[in-house]
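Structural overview
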Amino acid sequence: MNSPLAVPLLLIPLLPLVNFIILIFWGKAAPRSLAILSTACLAAATGIAGYLFLTIPDGPPTTAMSADWFFVDKQFFFQFGIMIDGLAATMALIVTFVSLMVHIYSFGYMEKHEHFGRFFAFLALFTSSMLLLVFSSNLLTMFVAWEGVGLCSYFLIGFYFEKPSAAAAGKKAFITTKLGDLGFITAILILLTIGAQTQTFAQILDFESLKTMLAPRNAAYPLLKDWSFIVGLLLFFAAIGKSAQFPLHVWLPDAMEGPSPVSALIHAATMVVAGVYLVARMFFLFGQDPNLALIITLVGVFTAFMAATIALKSYDLKRVLAYSTISQIGYMMAALGLGSAVASMFHVGTHAFFKALLFLAAGSIFHAYHSLEIRRIRRVAKFMRTTSITFAVGALALAGFPYITAGFFSKEAVLSAAYEKFPWAFWVLALTAGLTAFYMFRLIFLTFFNYPVQSVPKRSSGDDNADENHEPHESSSAMTMPLVILAILSVAAGYFGWLLPVRIGGEIPHGGTNVLLTSIAFAIGGILLAWAIYSARIVKAEAMVENMPTIARFLENKWYWDEIYDATVGRLFRAVTWLVAQFDWYIVDDLYHLFGRLSVRAGMSFRQMHSGSVQIYLLTIAIALLILIFMYNITRFS
Amino acid sequence: MSRARGSNVVLSVLLIVSTLIFGLGILAVVTRRNAIGMLLGIELMLNSVNLNLVIFGRFSERIADPLEGQVYALFIMALAVAEAAVGLALILALVRKFGSVDADAAGTLKG
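1. Considering the overall build of chain B
Secondary structure assignment for chain B yields three helices and zero strands. Reading chain B from its N end, one meets helices and strands in the order α-α-α. Taken along its principal axes, the extent of the C-alpha atoms in chain B is 60 × 25 × 20 Å. Counting over 111 residues, chain B shows a buried share of 23%. Excluding contacts between residues fewer than 6 apart, the proportion of contacts in chain B whose partners are at least 24 apart in sequence is 61%. Here chain B displays about 7,400 Å² of accessible surface, and carbon together with sulfur accounts for 72% of that area. Counting 9 positive and 7 negative side-chain charges, chain B places the centres of these two groups 4 Å from one another.

2. Considerations on the interface of chain B and chain A
Counting residues at the interface gives 13 residues for chain B, matched by nine residues for chain A. Inspection of the region where chain B meets chain A yields zero salt bridges. For the side of chain B that touches chain A, the leading source of residues is helix H1 (residues 8-31) of chain B, giving three residues.

3. A short note on the packing of aromatic side chains
Residue and element names in this part refer to chain A. Within this structure, the stated rule accounts for 23 aromatic pairs over all chains. Taken together through their ring pairs, the aromatic side chains of Phe-107, Phe-116, Phe-119, Phe-120, Phe-159 and Tyr-160 make up a single cluster. Sitting above the plane of the Phe-207 ring, Arg-281 keeps its charged end 5.8 Å from the centroid.

4. Side note on the packing of helix H3 (residues 86-109) of chain A against helix H11 (residues 273-281) of chain A
Residue and element names in this part refer to chain A. For the pair H3 and H11, interaxial distance at closest approach is 11 Å and the crossing angle is 170 degrees. By the criterion of interaxial angle, the relationship of H3 to H11 is roughly antiparallel. Contacts between H3 and H11 involve Leu-87, Ala-88 and Met-91 on the former and, on the latter, Val-273, Tyr-277, Ala-280 and Arg-281. Classifying every residue of the contact of H3 with H11 by side-chain character gives six nonpolar, no polar and one charged.

5. Re the pattern of salt bridges
All names here are of chain A. Counted under the stated rule, the structure contains seven salt bridges over all chains. For Arg-319, the salt bridge goes to Asp-316, with nearest N and O atoms at 3.9 Å. Assessed through its relative accessible area of 13%, Arg-319 is described here as buried. One continuous salt-bridge network, built from bridges that share partners, spans Lys-172, Asp-254, Asp-316 and Arg-319.

6. Quick look at helix H15 (residues 341-369) of chain A
All names here are of chain A. Counted at 1.5 Å a residue, the expected span for H15 with its 29 residues is 42 Å, and the 41 Å between its end C-alpha atoms agrees. Of all the bends in H15, the greatest, near 25 degrees, is centred on His-351. Most of H15 is tucked away, with 28 of its 29 residues classed as buried. Downstream of H15 by one or two residues, His-370 has phi in the positive range, about 55 degrees.

7. Regarding the side chain of Thr-390 of chain A
All names here are of chain A. Residue position: Thr-390 is located in helix H17 (residues 385-399). For Thr-390, a relative accessible area of 4% corresponds to the buried category. What Thr-390 contacts, discounting residues up to four positions off in sequence, is Leu-357, Leu-483, Val-484 and Ala-487.

8. So, the confidence of the model for chain A
Chain-level pLDDT for chain A is 83 on average; 95% of the residues reach the 70-or-more range. This model gives residues 460-467 of chain A a pLDDT under 50, and the stretch forms 18 contacts once residues within four places in sequence are excluded.

9. A few points about the packing of helix H14 (residues 317-337) of chain A against H15 of chain A
All names here are of chain A. Direction vectors running N to C along H14 and H15 enclose 175 degrees, while the axes themselves pass 9 Å from each other. Comparing their axes, H15 and H14 come out roughly antiparallel. Across from Leu-317, Lys-318, Leu-321, Ala-322, Ser-324, Thr-325, Gln-328, Tyr-331, Met-332, Ala-335 and Leu-336 in H14, the residues of H15 making contact are Ala-341, Ala-343, Ser-344, His-347, Val-348, His-351, Lys-355, Leu-358, Phe-359, Ala-362 and Ile-365. Of the residues in the contact of H14 with H15, the class split is 14 nonpolar, six polar and two charged.

10. Remarks on the nonpolar core
Residue and element names in this part refer to chain A. One finds Leu-139, Phe-184, Leu-235, Met-282 and Met-440 to be the most contacted residues of the largest nonpolar core, which totals 190 residues. For this core, the element with the highest residue contribution is H15, accounting for 17 residues. Among residues more than four places away in sequence, those in contact with Leu-139 are Phe-184, Ile-188, Leu-191, Leu-205, Phe-207, Leu-235, Leu-278 and Met-282. Of all hydrophobic cores here, the second largest spans 24 residues; its members include Ala-334, Phe-408, Val-414 and Val-515.

11. A closer look at empty space enclosed by the protein
Residue and element names in this part refer to chain A. Taken as a whole and judged by the stated rule, the model has five cavities of 30 Å³ or more. Its boundaries defined by the atoms lining it, the largest cavity holds a volume of some 80 Å³. In this structure, the largest cavity is lined by Phe-77, Phe-78, Gln-79, Asn-138, Leu-140, Leu-192, Phe-201, Ala-202, Leu-205 and Asp-206. The element best represented in the lining of the largest cavity is strand S2 (residues 77-84), accounting for three residues. Of the volumes computed, that of the second largest cavity is approximately 60 Å³. What lines the second largest cavity is Lys-172, His-249, Val-250, Pro-253, Asp-254, Ile-310, Tyr-323, Lys-558, Trp-561 and Asp-562.

12. Topic: the pairing of strand S1 (residues 62-71) of chain A
All names here are of chain A. Of the strand pairs in this sheet, S1 and S2 are connected by eight bridges, and their pairing is antiparallel. Within S2, the residue paired with Met-65 across the bridge is Ile-82. In this antiparallel pair of consecutive strands, S1 and S2, the connection spans five residues.

About the criteria used
- Residues numbered from 1 in each chain as written.
- Chains lettered and ligands numbered in written order.
- Predicted model: local features only at pLDDT ≥ 70, side-chain atom pairs only at ≥ 80, totals over all residues.
- Heavy atoms only, no water.
- Helix = DSSP H or I, 4+ residues; strand = E, 2+ residues; numbered from the N terminus.
- Buried < 20%, exposed > 50% of the residue type's maximum accessible area, 1.4 Å probe, protein only.
- Contact = heavy atoms within 4.5 Å.
- Areas by Shrake-Rupley, 256 points an atom, 1.4 Å probe, with all protein chains shown as cover.
- Lys, Arg positive; Asp, Glu negative; His and termini not counted.
- Charge placed at Lys NZ, Arg CZ, Asp CG, Glu CD.
- Salt bridge = Lys/Arg side-chain N within 4 Å of Asp/Glu carboxyl O.
- Phe/Tyr/Trp six-rings, centres within 6.5 Å; stacked < 30°, edge-to-face > 60°.
- Lys NZ or Arg CZ within 6 Å of the ring centre and 35° of its normal.
- Axes fitted to C-alpha atoms, helices over the stretch in contact; angles between N-to-C directions.
- Parallel < 35°, antiparallel > 145°, perpendicular 65-115°, else oblique.
- Nonpolar A, V, L, I, M, F, W, Y, C, P; charged D, E, K, R; others polar.
- Expected span 1.5 Å × (residues − 1).
- Bend = angle between axes of the 7 residues up to and from the residue.
- pLDDT = per-residue confidence, 0-100.
- Core = buried A, V, L, I, M, F, W, Y, C linked by side-chain atoms within 4.5 Å.
- 1 Å grid on protein atoms, 1.4 Å probe; cavity = no way out; pocket = protein on both sides within 12 Å on 5 of 7 lines; lining within 4 Å.
- Points joined across faces, edges and corners; volume = space filled by probe spheres on them.
- Pairing = 2+ DSSP bridges.

Shown next as C-alpha cells:
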C-alpha cells in the first residue's frame, strides 16, 4: 500500500512536529539555536514540498500511505492515511514557504521576547498540523489535523496571555471555530452511520472512495446520495468556522491580538484557507449539488462584500487587514461555489503571498511605532523605506492593480467564474474589489504621508503603549528580507498561474474583455477615490461621515454582529450557565456540605470514646476479650 | 487413654491459683495509677502464664517429659527480665516527658 512517496510526504509534517517537541521541552535552555534548527528543518521541508510540486505526476491522487489506526471491530476500523495530488502539493508549497518566511521574520520581531522558544514551538506545531491537514487522505485524519490547527491558533492568538484582551480573543477564536467543528464531526458521524448500513464503513471516509461512491453514474449508494446535501452543508459549516465566513466570521478580527507573524501565518495564508481547502478537497461533493454550490456562492459573496464595508471604517491597521482577509476568503469560497476550484486555488496562492506580506509589513510598522492606530501612525514612507515600499506592493496586489500584480490575475479569474454563471455575483464581487482598493489605499494615504492628525479616542484596541517622542526607524534585516521576498512573489506569482491547471486540472476561467475592463475600472477607481479623499482631499472624509451618520455608525460597529450575537446566542448561553450555576450552588454544593457536616458530627461523637487513659483502653480490650471467649464457648458447646 | 500423672483435683486447684494471679495482674494493670505498679501487674500476669506452663508440663499426658514445661518457663523468665528492662526504659521516658510516673499524666492520646 505504501508508495515511495510516503517518506517525503511524511517527512514534511514530521520535521516541524519533531522541532515542536524539541522546542517545547528545551526551548527555554537554548531558544535561539533551536529556533534556527527549526527554521532550517522547515527550509528542508519547503525544499521537499517544492520538489513534490514540480515532480508529482498529473492525474488522480496518489495514496502514499495508509495504515490501520484503530479498530472497533473486525469490520469497523479507522485508517490513518496521507496522499498527494496537485492540490495538496500546491497547498503544501504555499504553507511551507509562507511559514518559512514567518519563521525568519520572527527572529527579528520576537527578538527580545522572553517566550521566544515557546513562540517558535507553536509556530512549528501549527505548520505541522496544517501540513498534515493538506496531505490527509481521509476525513478522520483531516479532522485530527483540523483540530490541531484550531488548537494552535488558540495558543498563538492568546500568545500574550497576560493581556486579558488577548486571552479573550484566543478563547473567542477557539470557541467560534469549535462551533464549526461540530459540523465536521457530525458529518463524519453521518457518513459512518451510512457506511455501517451499506457495508462500506472502512472506505466511506476516504476521499477517493467517497468520490467514486458519489459519482453521478454510480447508482449503488442511494442512501449516501440522499444524505449528501446534509453532509455537504455540515462540512461547509465547518469550513465557514475555520475560514471566518459569515456567520462565524467574528473571531478573526479579534484574533489580531496575536503577534503579527502569527497573523501572517494563521490568519492570512494558511489556517483560514483550511476551510477553502476542505471545500476544494470535497469538491466532488459540493460541485455536483447546485443547491450546495448556490449556498457556498451566496455565503462567499455576502461575506466578501460585508467584510469589505467594515474595513472601510476600521481604524486599526491589522483589523483592516483582517477584514480584507475575510473578504478575500469570501472570493475564494464564491469561486468554489461557482464551480471553479482552479480560480479559487489561484486566489489562495496569490493571496497567501500578499496577505502574509501585508501582515508582516504591518508588524514591522507596529515594531517602529508601537501602535496600530491608523489615526496616529504618520509618515511611514519617510521613516521606513523598505517596509513602506513592500506594503505598497502588497496593497496593490490586494487591490488587484492591473497587469503588474498577482492579485489582479487571480481576482480576474474569480470574477470571470462569476461572470459566466451568476452576473449578480459578478457585480457584487467587482464592487467589493473596488472597495478593497479604496480601503487599502485609505490606509496608505493616511499612514504613509503627513495626513493631518485627527483626534484619537482614548481607548483603542491596537494601541498599547504608544510612545509619542519615539523616532520610528526601519526594522532589522531579518524582518525586511522576508518582506522583500514576499513582495517579489506578490508580483511574480501571477505569471505562474498557468502551472495550476496543469497541477490541479481544470482551467483558469477567462471572462473576456468585459470582465477585464470592469475589474481594471473598479481597482483603479477605488485607488483614485482613496487618493481624492485622503491625499488630494477633494472630498473631506469627515464631511462624508457627517452626511451619512447612520451608515458610518453601522460600519464602525461592524454591522453590529458582535452585539447581535451577544443579545441572542450570548444571552441564551448566559441563561443556561446561570441555571447550571444555580444547580451547582444549591444542589451539588449543598449535597457535599451535607456529607461534610455528617462526618464532622460523627467524628465529634466518636471522640468521646478517646479518653486518653491507657488503662481504660486496656480494660476495654480485656472485657472485649472476655466477651469473645464467652461467645466462642457458647457457640462451641451449644 | 494414657496414664494420668496426678489427680484432677490437684490440677484444678493449681489452675485456679494461676487464674487468680492472672486476674490480680489485670486488676493491678487497670487500676494502678502508678506506672511502676502497672508494670508489676504485667509481670504478675506473665508469671501466672509461666505457672500454667509448669503445671501442664507436669500434668498433661501428651507431653513426654515434665521438664519440657519447666524449660519453657525458664526461657520466659529470661524474656521477662528483658521485657521489664524495656518497660522500665519506657517509664523513664514517660517521666522525662511528663514529669511524673502517674499514668493519667500521659493524656496526649485523648481525642
